[in-house]
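Structural characterization, general
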Amino acid sequence: MPERPSARPEIAALEGYHSPQVDVEVRLNTNESPFPPPEGWVDALADALRDLRLNRYPDRAAGELRGALAARYGVDAQQVFCANGSNEVLQTVLLAYGGPGRTAAVFEPTYAMHAQIARTTGTRVVAGRRGEEFELTAAAVRDLVAAERPDVLFLCSPNNPTGTTDAPDVLPAALEALDASGGLLVVDEAYGQFADSSAVDLLDDERPLVVSRTFSKTWALAGLRLGYLLGPAWCLAELEKVVLPYHLDAFKQVAGGLALRHEAAMGERVAALVAERERVTTALGGLPLRVWPSGANFVLFRPEARSGHDVWQGLLDCSVLVRNCASWEGLEGCLRVTIGTAAENDRFLAALGEVLDDTTEGTEP
Ligand SMILES: *Cc1c(COP(=O)(O)O)cnc(C)c1O
């Protein structure tokens with residue numbers, strides 16, 4: 001038999017991204033918005049669709065969309081980079097600033113794609129650890145940067161999957177340390193609008209800081225695949241060199257620009273989800289679980305007397321799908337629930353109560 005071509009050994013050893021897409025009644029596993037996008041946006045998009053000239057390549061610079069985002073954040077269009085979801089944003093950062101011979105640092109447990117994308121781009125990954133409560137300290141950040149001098153440091157606040165928001169001294173400490181070592185700080189704010197503070201306020205052409213955000217979570221547009229990065233023009237100019245030409249299609253450019261005109265509706269959705277998050281967190285606190293406070297649109301918890309996997313399966317049997325983190329390093333036994341509509345959250349809480357009450361557990365081999 002002829003030998004099959006083989007992928008690079010680092011790629012062959014990877015597992016890929018796993019998040020089962022199961023058909024259930026209550027889907028609370030991937031941190032999407034439970035609300036559809038605003039109707040006014042849908043109407044405006046339908047109108048705009050007729051004028052799209054899809055026979056032509058799209059505006060390669062995505063000028064209008066970047067201009068609209070720049071206006072939204074009070075920066076120049078050269079300080080905005082857009083891509084097909086923030087995962088592609090992060091991949092582009094690593095293609096330019098990571099790669100063979102370079103190092104990316106993360107603090108586990110955190111968003112798995114930071115390390116995953118680093119590896120697929122040939123970047124070495126070093127991992128520090130978060131504390132007992134999944135907190136990150138300024139000292140831990142300083143120590144890791146001094147020891148490893150990473151070319152790219154990822155912070156994620158609020159952190160997925162723990163919900164942890166970084167203390168106010170963490171970012172300045174990271175910036176100071178990286179300034180000395182010549183590394184780039186990437187703050188992933190996929191859940192930024194759910195939290196009270198943001199790294200966006202620290203953006204400055206003199207600082208090695210970029211902030212990534214997405215339309216997937218707060219903007220109720222996960223299906224659109226649109227993310228963006230805010231940062232110094234000199235940094236974003238390098239990203240433009242490695243991204244594929246015309247990577248951002250014309251439809252998405254228009255849809256994203258129109259979404260920004262519906263910021264008030266987005267704010268209402270975010271406020272409703274934050275209120276529900278607090279209600280769910282309080283309700284979980286009354287069950288035999290460990291619960292961690294969250295600054296995002298999800299909550300991490302760990303059943304005390306039952307295995308995380310059994311509880312996950314029990315919920316699935318009730319047609320409620322949450323994220324099973326039980327086998328992830330540092331998150332043993334944990335599950336993560338996305339905040340849904342009030343009705344969905346009620347279904348989840350009722351099912352969880354039943355599953356935890358179920359005394360038949362342990363009778364199976
Ligand atoms: C969901 C998520 C992303 C990915 O967002 P897309 O824009 O949909 O690619 C990035 N970072 C974190 C921390 C996330 O949770």
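Residues numbered from 1 in each chain as written. Predicted model: local features only at pLDDT ≥ 70, side-chain atom pairs only at ≥ 80, totals over all residues. Heavy atoms only, no water.

1. Regarding the domain arrangement of the protein chain
- Along its sequence, the protein chain is carved into domain 1 (9-37 + 264-357) and domain 2 (50-261).
- Look at where the C-alpha atoms of domain 1 and domain 2 centre, and you get two points 24 Å apart.
- Every contact between the two is made by 31 residues of domain 1 and, on the other side, 28 residues of domain 2.
- Between domain 1 and domain 2, a total of about 2300 Å² is buried, with carbon and sulfur atoms accounting for 66% of that surface.
- Ranking the residues of domain 1 by area buried against domain 2 places Leu-14, Met-266 and Gly-295 at the top, with a combined share of 22%.
- Taken together, the connections running from domain 1 to domain 2 amount to two salt bridges.
- A salt bridge links Arg-290 to Glu-133; the nearest nitrogen and oxygen atoms lie 2.9 Å apart.
- Remark: the boundary between domain 1 and domain 2 carries four residue pairs in polar contact (both at pLDDT 80 or more).
- Of all the secondary-structure elements, those providing two or more residues to the side of domain 1 that touches domain 2 are helix H10 (263-285) and strand E10 (298-303).
- Looking at which element gives the most residues to the side of domain 1 that touches domain 2, the answer is H10, with six residues.
- For the side of domain 1 that touches domain 2, the residue count by class is 17 nonpolar, eight polar and six charged. (Domains from an automatic or database assignment. Contact = heavy atoms within 4.5 Å. Buried area = accessible area lost by both parts, 1.4 Å probe. Salt bridge = Lys/Arg side-chain N within 4 Å of Asp/Glu carboxyl O. Polar contact = N/O pair within 3.5 Å; in protein donor to acceptor, adjacent residues only side chain to side chain. Helix = DSSP H or I, 4+ residues; strand = E, 2+ residues; numbered from the N terminus. Nonpolar A, V, L, I, M, F, W, Y, C, P; charged D, E, K, R; others polar.)

2. Comments concerning the pattern of salt bridges
- By the definition in use, this model includes 16 salt bridges.
- Across the salt bridge formed by Glu-189 and Arg-213, the nearest N and O atoms sit 2.9 Å from each other. One end of the pair, Glu-189, is in the loop between strand E6 (184-188) and strand E7 (209-214); the other, Arg-213, is in strand E7, with 24 residues separating them in the sequence.
- Judged by its relative accessible area of 2%, Glu-189 is buried.
- Here Glu-276 and Arg-279 are joined by a salt bridge, their closest N and O atoms 2.9 Å apart. Remark: Arg-279 and Glu-276 occur in helix H10; sequence separation between them is three residues, near one turn of the helix.
- Judged by relative accessible area, Glu-276 falls into the buried class, the value being 13%. (Buried < 20%, exposed > 50% of the residue type's maximum accessible area, 1.4 Å probe, protein only.)

3. So, the sheet that holds E10
- Within the open sheet, the five strands sit side by side as E1-E11-E12-E10-E9. Their pairing is mixed. Single-partner strands in this sheet number two, and they are strand E1 (26-28) and strand E9 (289-291). Across the sheet, the mean angle separating the axes of adjacent strands is 35 degrees when strand polarity is ignored.
- Bridge analysis of E10 against strand E12 (residues 335-338) gives four bridges, and the strand direction is antiparallel. Note on E12: the bridge partner recorded for Leu-300 is Arg-336.
- Packing of helix H11 (residues 308-317) onto the sheet brings it into contact with E10, strand E11 (320-324) and E12, and relative to E11 it is tilted by some 155 degrees. (Pairing = 2+ DSSP bridges. Axes fitted to C-alpha atoms, helices over the stretch in contact; angles between N-to-C directions.)

4. A word on the nonpolar core
- Leu-185, Leu-284 and Phe-348 are the most contacted members of the largest nonpolar core, which totals 76 residues.
- Of the residues that make up this core, three or more belong to each of domain 1 (9-37 + 264-357) and domain 2 (50-261).
- Discounting residues that sit within four places of it in the chain, Phe-348 has contacts with Leu-28, Val-280, Leu-284, Phe-301, Leu-315, Val-320, Val-322 and Val-337.
- Val-93, Ile-117, Ala-118 and Leu-184 belong to the second-largest nonpolar core, a separate cluster that totals 23 residues. (Core = buried A, V, L, I, M, F, W, Y, C linked by side-chain atoms within 4.5 Å.)

5. Considerations on the state of the cysteines
- For the structure shown, the criterion picks out zero disulfides.
- With no disulfide of its own, Cys-82 lies closest to Cys-235 among cysteine sulfurs, the gap being 14 Å. (Disulfide = S-S within 2.5 Å.)

6. Some remarks on the pairing of strand E3 (residues 103-108)
- Counting buried positions over the six residues of E3 gives five, a clear majority of the element.
- In this structure, E3 lies alongside strand E4 (residues 124-129), joined through six bridges in parallel fashion. Residue Phe-107 lies in a different strand from E4, and its bridge partner there is Gly-128.
- For the handedness criterion, the β-α-β arrangement of E3, helix H5 (residues 112-120) and E4 is classed as right-handed.
- Relative to strand E5 (residues 152-156), E3 runs parallel, the two being bridged by two bridges. By the bridge assignment, Ala-105 is partnered in E5 with Leu-153. (Right-handed = clockwise from strand over helix to strand, strands pointing away.)

7. Quick look at the site of the ligand
- Taken together, 13 residues form the shell around the ligand, and within it Ser-86, Tyr-191, Thr-214, Ser-216 and Lys-217 come nearest.
- A distance of 3.2 Å separates an oxygen atom of the ligand from a polar atom in the side chain of Lys-217.
- Burial of the ligand by the protein chains amounts to 94% of its free accessible area of 380 Å².
- In terms of residue class, the shell around the ligand is built from four nonpolar, six polar and three charged. (Near = heavy atom within 4 Å. Areas by Shrake-Rupley, 256 points an atom, 1.4 Å probe, with all protein chains shown as cover.)

8. A word on H5
- Taken residue by residue, H5 has Met-113, His-114, Ala-115, Gln-116, Ile-117 and Ala-118 as its buried positions.
- Buried positions along H5 lie against helix H4 (86-97), E3, E4, E5 and E6.
- Downstream of H5 by one or two residues, Gly-122 has phi in the positive range, about 80 degrees.

9. Quick word on unusual backbone geometry
- Pro-158 follows Ser-157 through a cis peptide bond whose omega is -5 degrees.
- Among the structural elements, Pro-158 can be located in the loop between E5 and helix H7 (170-181).
- Located in the positive-phi region is Arg-149, a residue other than glycine, with phi close to 40 degrees.
- Within the secondary structure, Arg-149 is located in the loop between helix H6 (138-148) and E5.
- One non-glycine residue, Ser-319, adopts positive backbone phi at about 65 degrees.
- Mapped onto the elements of the fold, Ser-319 is located in the loop between H11 and E11.
- The class of Ser-319 is buried, set by a relative accessible area of 17%.

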